[in-house]
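Overview (structure and organization)
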Amino acid sequence: MFFPVWLYAKCLSHDSNSTAPTASFAGSMQLLAGVKLCTGRHITNHPHYENEWLRKRTLQVGQIYGRRSPKEVHDVMISIDANYIILEDSICLARARPGQEGCRFPDLIDLSNGHRLDISLGDVYDKDLTHTKVPRFCDEVRHGEQQYSQFFKLAMENPTFRVYEVA
């Protein structure tokens, strides 16, 4: 993950200055470590602890990068008490390098959900996966269409991060 430090600082500044001290954030584990350290806000999953419950929770949070409907993502965020989602374009819009197809975080989420990827992994893998027409949540929410905006309100945006308040 690469992004300019000032964009990260701007995101953390927003989180600290524009949210309640009891607000809870969902996002990638590497980003949430900084949110916890720099703002003291609650986070939904932590990268420094490892157990079965946390692995399942991290998979739930990861649905923000999967092919999930806004209602499904909203239900997950409510179930884990997340008040805000922080989306990173460096994860959402990442391109696979040649020979590493299926290794991006969104691909791993799709595979764990049993969804086919945009590229074929070969008959041995594809036969057990289903095609879904549901678009990738992290990319579609940015357009602010009604089916998304009823659940998620854009709170802050910069060229790298988007923070959404969970309705």
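These numbers come from a predicted model, not from an experiment. (Residues numbered from 1 in each chain as written. Predicted model: local features only at pLDDT ≥ 70, side-chain atom pairs only at ≥ 80, totals over all residues. Heavy atoms only, no water.)

For the rest of this paragraph, the subject is the side chain of R67. On the secondary structure map, R67 appears in the loop between helix 3 (52-61) and helix 4 (70-79). In this structure the side chain of R67 is engaged in a polar contact, spanning 3.4 Å, whose partner is the side chain of D110. For R67, the residues in contact, after removing those within four places along its chain, are D110, H115, D118, T132, V134, P135 and R136. (Helix = DSSP H or I, 4+ residues; strand = E, 2+ residues; numbered from the N terminus. Polar contact = N/O pair within 3.5 Å; in protein donor to acceptor, adjacent residues only side chain to side chain. Contact = heavy atoms within 4.5 Å.)

The next subject is the nonpolar core. The nonpolar side chains of a soluble globular protein tend to be buried, and buried together. Among the nonpolar cores identified, the biggest contains 21 residues, and I64, M77, I85, L87, F137 and F152 are the most heavily contacted of them. Elements with a minimum of two residues in this core: helix 4, strand 3 (84-88), helix 5 (89-92), helix 8 (137-140) and strand 5 (161-166). It is helix 4 that provides the largest number of residues to this core, a total of three residues. Listed in part, the 11 residues of the second largest apolar core include F25, L32, Y84 and I86. (Core = buried A, V, L, I, M, F, W, Y, C linked by side-chain atoms within 4.5 Å. Buried < 20%, exposed > 50% of the residue type's maximum accessible area, 1.4 Å probe, protein only.)

Right, let's talk about unusual backbone geometry for a bit. Leave glycine aside and you will find that most residues have negative phi; peptide bonds, for their part, are mostly trans. Here the phi dihedral of D81 falls at roughly 60°; this positive angle occurs in a residue that is not glycine. Tracing the backbone through its elements, the reader meets D81 in the loop between helix 4 and strand 3. Judged by its relative accessible area of 57%, D81 is exposed.

Right, let's talk about the side chain of N45 for a bit. If you trace the backbone, N45 turns up in the loop between strand 2 (42-43) and helix 3. The class of N45 is buried, set by a relative accessible area of 2%. Only 3.0 Å separates the side chain of N45 from the side chain of T44, close enough to count as a polar contact. With near-sequence residues (within four places) excluded, N45 lies in contact with G27, M29, L32, L54, R57, T58 and V61.

The subject of this paragraph is the state of the cysteines. Enumeration according to the criterion identifies one disulfide in this entry. Between the sulfur atoms of C92 and its disulfide mate C138 the distance is 2.1 Å. Taking the torsion about the S-S bond as the criterion, the C92 to C138 disulfide, at about 85°, is right-handed. Here the residue C92 occupies a position in helix 5, and C138 occupies one in helix 8, the gap between them amounting to 46 residues. The exposure classification of C92 matches that of C138, with both residues buried. (Disulfide = S-S within 2.5 Å.)

Its location among the elements puts E72 in helix 4. With relative accessibility at 34%, the residue E72 sits in the partly exposed group. Spatially, the C-alpha atom of E72 lies 9.8 Å from that of F137, the residues being 65 residues apart in sequence. Here the side chain of E72 touches R68 through a polar contact of 3.3 Å, side chain to side chain.

Two strands pair when backbone bridges link them, and strand 4 (residues 152-157) and strand 5 are joined in this way by five bridges, in the antiparallel orientation. Each bridged residue has a counterpart across the sheet, and for E157 the counterpart in strand 5 is R162. Between strand 4 and strand 5, which pair antiparallel and follow one another directly, the connecting turn spans three residues. (Pairing = 2+ DSSP bridges.)

To continue, consider the pattern of salt bridges. Using the criterion set out here, one finds nine salt bridges in the structure. Here R68 makes a salt bridge to E72, at a shortest N to O gap of 3.3 Å. According to the relative accessible area criterion, R68 is partly exposed, its value standing at 21%. Three or more residues joined by partner-sharing salt bridges are found here, namely D89, D139, R142 and R162. (Salt bridge = Lys/Arg side-chain N within 4 Å of Asp/Glu carboxyl O.)

No statement about biological role is implied by the geometric values presented.
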